[in-house]
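# Observations on the three-dimensional arrangement
The lines below spell out each chain.
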Amino acid sequence: MEILSKALDRVGKGEIAALCIVIDKVGSAPRDPGSLMIVMSNGEKMGSIGGYETEEPIVNAVMDSLRRGEYAPGG
């Protein structure tokens, strides 16, 4: 999984990332369970879990959490 490798490299250099995984799918959806998207602390996305309507609210939630300091540095 190339995106995991790239994200881990950047996290190892001190960046913060959120891993987003599709765990279930109801009806017709653009991505299947197991699809990954990583959101870096600068808002950059790697991978995809769906289209704009799916990803944008998740990216916004991740960025809001980071602004509030809701993450576990180093662990």
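Preceding this paragraph is the structure being described.
Below is a short write-up of the structure.

What counts, and at which threshold
- Residues numbered from 1 in each chain as written.
- Predicted model: local features only at pLDDT ≥ 70, side-chain atom pairs only at ≥ 80, totals over all residues.
- Heavy atoms only, no water.
- Helix = DSSP H or I, 4+ residues; strand = E, 2+ residues; numbered from the N terminus.
- Buried < 20%, exposed > 50% of the residue type's maximum accessible area, 1.4 Å probe, protein only.
- Salt bridge = Lys/Arg side-chain N within 4 Å of Asp/Glu carboxyl O.
- Patch = residues over 30% accessible without salt bridge, like charges linked within 9 Å, V, L, I, M, F, W, Y side chains within 5 Å.
- Areas by Shrake-Rupley, 256 points an atom, 1.4 Å probe, with all protein chains shown as cover.

## Focus: the environment of S28
Turning to its location among the elements, S28 is positioned in the loop between β1 (17-21) and β2 (36-40). In this structure S28 comes out as exposed when scored by relative accessible area, which is 80%. A sequence separation of 20 residues divides S28 from L8, and the C-alpha atoms of the two residues are 31 Å apart.

## Regarding the pattern of salt bridges
Going through the model one piece at a time under the given rule, you end up with eight salt bridges. R67 is the partner of D64 in a salt bridge, and the nearest nitrogen-oxygen pair spans 2.5 Å. Within this pair, D64 and its partner R67 are both found in helix α2 (residues 52-67), separated by three residues, close to a single helical turn. What makes D64 partly exposed here is its relative accessible area of 31%.

## Overview of a nonpolar patch on the surface
On the surface, L19, I21 and I23 cluster together into a nonpolar patch covering about 340 Å² of accessible area. By secondary structure assignment, the location of I23 is in the loop between β1 and β2.

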